[in-house]
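Listed below, chain by chain, are the residues.
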Amino acid sequence: MSKLLWKSLLISPAVLGVTLVASTMGVRAADSAKLPIADTQTATPEVQFDGVADITVSEEIAVNPEQLTPASLEVKPEAQPSLAQAVPATPNDAEILNQINDYSSEGNSSGQVTSVGQLRDVSPGDWAYEALRSLVERYGCIAGYPDGTYRGNRALTRYEFAAGLNACLNQIERLIGTGGFDDSELETLRRLIQEFEAELATLGARVDNLEGRVAFLEDNQFSTTTKLRGEVIFALTDEFNSDFDNNTVFQDRVRLELNSSFTGQDRLVTRLAAGNADLLNTGAGFEATQTFNIGNTGGNDVIVDWLAYYFTFGSSKVYVAGTGGIHSDYVPTLNPYFEDYDGGNGALSAFASESPIYRIGGGAGAAFSLGAGPLERVLGPSTLTFGYLAGPGAENPGDDFGVFNGEYAALAQLNFNLGDRIALGATYVHGYHNSGTNIFDIGAGSSAVVGTGFANNPASFAANDNVPMVTNTYGIEAALRLSETISISGYGAYTDAILVGRGGSEIWTYGAGVALADLGKEGNVLGIFGGVQPYAGNIDVPSGDFRRDNDSLPWHVEAFYKYQLTDNISFTPGVIWLMNPDQDSDNEDAVIGTLRTTFTF
């Protein structure tokens, strides 16, 4: 903006109206504690019931609240001091960067909003309605935010004032250039320039300073397209009941996630991970897996454990994984509060986090989600999701590997909502598993994350267990929101495992839990979950020297309480009780106690 505009054309009746409206709004907002202040952005996404956020099936394919959607890549403003404060705190560079995207839009919607009636949160009964109407309809400035709101009851920051004033000044300059002002208005303008000369000089200096700081931030920012998100888990855990030789251990897992968006409607995820969390020796094997055990890199070695890209194609949401993909990356699991999609804030165990059906297979592949069309007339908002993930060796050009020749898992799921409190899902997964690999292995091959050893490899019952498997798994999932703070969810799944040329086995699993949100403090969660881990039922294979009486149900009971100390730190003490480990009543029950501390940034 030219110096001539500042010194001779800055103030008009429009500018005076802006100043009066803005300053009075700031005082009223400061005087009333009931009026909302500026929006805030928290570092840890608020856990919401699936019907609102996660299981609303018309939402984006990246339903994971922990994994940022393209919309969440937008920077939102932090709460700032209002104009009513005599000496506002000087914001740091990070705060200014957070404000740039939102504040720069103030006043830029004049091409869309031509009448005060178009602002959906402004009514003729508002005290400043006439002043606002004059600004919008006569001078075409201070037209509100791009979303069609004016937000007149919240405090005004100095940055918003500067942005709004700048929009009016540009409009005034245009009106003067085109003869839009009459002589009386120009005379009033000259008089006001003289009366407010000192204030204008101060304001101009502050705006110049702000522009300099913004330019500095733009020159020194990490990236215009990428945001960094991090999570660090410390876990103190032990097993207290069995005779196995265990020590109290202190373990860790670290994940750094780079989220990049190139069009505003896509997201490239690159995640680095390191961890040292080994399983406790409980006799329960994979049943004892806790969420922070997933991602153990062997002595805190750093690896790229997940590389994926989300984008839209027409009306479909598309997911492509280069490595580390799992089914819950792209499909709703319908287990709110227990599932946090990363393991740092939900349930302690892998079993309670999500149905084991989503643990079948993983790796490289793709998925897409689309509306269910005619089914929505009967079922309500619905989506169909299809995915294919190739296991270990997807990158290997050898004859027995590759994307289609080796281990894989193909998923199809229908989700639908009944009102805004009930969500249901029906899932089918077809898998192929190489010899010696486990069924519920998330594509890791030899290591599983849930279930008994016999459920993961029924071939161990056979005289010759060196055979591959084909599995067909059918599951249902449901979530019910009783109130804003009480959620009930559950699932069940049946697997028909076929040992190629050697018979087969039936595998069953089911579980349910209740979660109490905001118990004691906003952000806290008390969760209680119980069920039966995947176990081998009827087995029809040529018997070897293995026992055939391992038919006890491997019960799993878990309770945890997540205490949200700050927006970025939470403590989660909890206990896991495993009965009949490895589906054998002769094995002692395992009781695991854990204190998990999660840092997010």
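Residues numbered from 1 in each chain as written. Predicted model: local features only at pLDDT ≥ 70, side-chain atom pairs only at ≥ 80, totals over all residues. Heavy atoms only, no water.

What about the overall build of the chain?
Line of reasoning, step 1. The secondary structure content of the chain amounts to eleven helices and 16 strands.
Line of reasoning, step 2. Looking at the chain residue by residue over its 601 residues, the buried ones come to 50%.
Line of reasoning, step 3. Sequence-distant contacts, at least 24 apart, represent 68% of the contacts inside the chain between residues at least 6 apart.
Line of reasoning, step 4. As displayed, the chain offers around 26,400 Å² of accessible surface, 56% of which is attributable to carbon and sulfur atoms. (Helix = DSSP H or I, 4+ residues; strand = E, 2+ residues; numbered from the N terminus. Buried < 20%, exposed > 50% of the residue type's maximum accessible area, 1.4 Å probe, protein only. Contact = heavy atoms within 4.5 Å. Areas by Shrake-Rupley, 256 points an atom, 1.4 Å probe, with all protein chains shown as cover.)

Considering the side chain of Glu 477
Line of reasoning, step 1. As for its placement among the helices and strands, Glu 477 is situated in strand S10 (residues 469-481).
Line of reasoning, step 2. Arg 359 is the oppositely charged side chain nearest to the buried, salt-bridge-free Glu 477, at an N-O distance of 12 Å.
Line of reasoning, step 3. Of note is the side chain of Glu 477, whose polar atom sits 3.3 Å from the side chain of Tyr 358.
Line of reasoning, step 4. Of note is the side chain of Glu 477, whose polar atom sits 3.0 Å from the side chain of Thr 427. (Lys, Arg positive; Asp, Glu negative; His and termini not counted. Salt bridge = Lys/Arg side-chain N within 4 Å of Asp/Glu carboxyl O. Polar contact = N/O pair within 3.5 Å; in protein donor to acceptor, adjacent residues only side chain to side chain.)

Some details on helix H6 (residues 183-195)
Line of reasoning, step 1. For H6, which comprises 13 residues, the first-to-last C-alpha distance of 19 Å matches the rise-based estimate of 18 Å (1.5 Å per residue) to within 8%.
Line of reasoning, step 2. Listed in full, the buried residues belonging to H6 are Glu 185, Leu 189, Leu 192 and Ile 193. Buried residues of H6, seen end-on, are gathered within an arc of 105 degrees and therefore sit on one face of the element. The exposed set on the far side of H6, more than 90 degrees from its buried face, consists of Asp 183 and Gln 194. (Expected span 1.5 Å × (residues − 1). Arc of directions from axis to C-beta.)

Comments concerning the packing of helix H5 (residues 158-177) against helix H7 (residues 197-220)
Line of reasoning, step 1. Following both chains from N to C, one finds H5 and H7 inclined at 105 degrees, their axes separated by 11 Å at the closest point. Between H5 and H7, the crossing angle belongs to the class labelled roughly perpendicular. Of the residues in H7, those touching H5 at Arg 158, Tyr 159, Phe 161, Ala 162 and Leu 165 are Leu 203, Arg 206, Val 207 and Leu 210.
Line of reasoning, step 2. Counted by class, the contact of H5 with H7 contains seven nonpolar, no polar and two charged residues. (Axes fitted to C-alpha atoms, helices over the stretch in contact; angles between N-to-C directions. Parallel < 35°, antiparallel > 145°, perpendicular 65-115°, else oblique. Nonpolar A, V, L, I, M, F, W, Y, C, P; charged D, E, K, R; others polar.)

Thoughts on the nonpolar core
General note: in soluble globular proteins, nonpolar side chains tend to be found buried as a group.
Line of reasoning, step 1. In terms of nonpolar packing, the biggest core is built from 49 residues, with Tyr 319, Tyr 330, Ile 360 and Ile 439 touching the most fellow members.
Line of reasoning, step 2. Here this core gets four residues from one element, more than from any other, and that element is strand S11 (residues 486-499).
Line of reasoning, step 3. If near-sequence neighbours (up to four positions away) are discounted, Ile 439 is found in contact with Arg 359, Ile 360, Gly 361, His 433, Ala 455, Asn 456, Pro 458, Met 469, Thr 471, Ala 497 and Ile 507. (Core = buried A, V, L, I, M, F, W, Y, C linked by side-chain atoms within 4.5 Å.)

Considering the packing of aromatic side chains
Line of reasoning, step 1. Using the criterion set out here, one finds 18 aromatic pairs in the structure.
Line of reasoning, step 2. Ring centres 5.9 Å apart and planes at 80 degrees place the aromatic pair Phe 338 and Phe 560 in the edge-to-face group. With Phe 338 in the loop between strand S5 (316-325) and helix H8 (350-353) and Phe 560 in strand S14 (residues 555-564), the pair connects residues that are 222 residues apart, well separated along the chain. Note on accessibility: Phe 338 and Phe 560 belong to one class, buried. (Phe/Tyr/Trp six-rings, centres within 6.5 Å; stacked < 30°, edge-to-face > 60°.)

A closer look at the pattern of salt bridges
Line of reasoning, step 1. Considering all chains together, one arrives at nine salt bridges under this definition.
Line of reasoning, step 2. One salt bridge in this structure joins Glu 130 and Arg 133, with 2.6 Å as the shortest N-O distance. Taken together, the residues Glu 130 and Arg 133, both in helix H4 (residues 129-138) and three residues apart, mark about one turn of the helix.
Line of reasoning, step 3. Judged by relative accessible area, Glu 130 falls into the partly exposed class, the value being 48%.
Line of reasoning, step 4. Residue Asp 342 is joined to Arg 255 by a salt bridge in which the shortest nitrogen-to-oxygen separation is 2.6 Å. Taken together, the residues span a long stretch of sequence, with Asp 342 in the loop between S5 and H8 and Arg 255 in strand S2 (residues 249-260) at a distance of 87 residues.
Line of reasoning, step 5. Connected through salt bridges with shared partners, the residues Glu 231, Arg 253, Arg 255, Arg 271, Asp 305 and Asp 342 form a single ionic network.

Description of the side chain of Asp 305
Line of reasoning, step 1. Inspection of the secondary structure puts Asp 305 in strand S4 (residues 303-313).
Line of reasoning, step 2. For Asp 305, a relative accessible area of 14% gives the class buried.
Line of reasoning, step 3. There is a polar contact of 3.0 Å between the side chain of Asp 305 and the side chain of Arg 271.
Line of reasoning, step 4. Not counting residues within four places of it along the chain, the set of residues in contact with Asp 305 comprises Arg 255, Arg 271, Leu 272, Ala 273, Thr 323 and Gly 324.

Considering the confidence of the model for the chain
Line of reasoning, step 1. Of the residues in the chain, 74% reach a pLDDT of 70 or more, and the chain-wide mean stands at 77.
Line of reasoning, step 2. No element of the chain has a lower mean pLDDT than helix H1 (residues 3-8), at 37, and none a higher one than S14, at 98.
Line of reasoning, step 3. A low-confidence stretch, residues 1-91 stays under pLDDT 50, and its non-local contacts, those more than four residues away or across chains, total 222 contacts.
Line of reasoning, step 4. Segment residues 99-111: pLDDT under 50, and 34 contacts once partners within four positions in sequence are set aside and those in other chains are kept. (pLDDT = per-residue confidence, 0-100.)

Topic: H7
Line of reasoning, step 1. When the terminal C-alpha atoms of H7 are compared, their 35 Å separation across 24 residues agrees well with the 34 Å that a helix rising 1.5 Å per residue should span.
Line of reasoning, step 2. Taken as a whole, H7 has its buried residues at Leu 200, Leu 203, Gly 204, Val 207, Val 214 and Leu 217.

Notes on the pairing of strand S16 (residues 590-600)
Line of reasoning, step 1. Of all eleven residues making up S16, eight are buried, and the element is well covered by its neighbours.
Line of reasoning, step 2. Pairing of strand S15 (residues 569-579) with S16 involves ten bridges; the strand directions are antiparallel. Considered in S16, the bridge of Ile 569 is made with Phe 599. (Pairing = 2+ DSSP bridges.)

Regarding the pairing of S10
Line of reasoning, step 1. Here twelve bridges tie strand S9 (residues 422-433) to S10, and the two strands are oriented antiparallel to one another. Bridging across to S10, Tyr 432 finds its partner in Val 470.
Line of reasoning, step 2. Between S10 and S11, which pair antiparallel in sequence order, lie four residues.

A short note on a nonpolar patch on the surface
Line of reasoning, step 1. Taken together, the side chains of Leu 228, Leu 256, Leu 272, Val 302, Val 304, Leu 307 and Phe 601 present a nonpolar region at the surface, about 590 Å² in accessible area.
Line of reasoning, step 2. Topologically, Leu 228 is positioned in strand S1 (residues 226-239). (Patch = residues over 30% accessible without salt bridge, like charges linked within 9 Å, V, L, I, M, F, W, Y side chains within 5 Å.)

Thoughts on the packing of H6 against H7
Line of reasoning, step 1. Close contact between H6 and H7 brings their axes to 4 Å; oriented N to C, the two are set at 75 degrees. Between H6 and H7, the angle falls in the class roughly perpendicular. Contacts between H6 and H7 involve Ile 193, Gln 194 and Glu 195 on the former and, on the latter, Glu 197, Glu 199 and Leu 200.

Regarding unusual backbone geometry
Backbone phi values are negative for most residues with the exception of glycine, while trans is the configuration of most peptide bonds.
Line of reasoning, step 1. Phi angles above zero are rare outside glycine, and Ile 442 is one such case at about 45 degrees.
Line of reasoning, step 2. For Ile 442, the position within the fold is in the loop between S9 and helix H11 (453-456).
Line of reasoning, step 3. Not every positive phi belongs to a glycine, and Asp 518 is a case in point at roughly 55 degrees.
Line of reasoning, step 4. Relative to the helices and strands, Asp 518 is located in the loop between strand S12 (503-517) and strand S13 (525-540).

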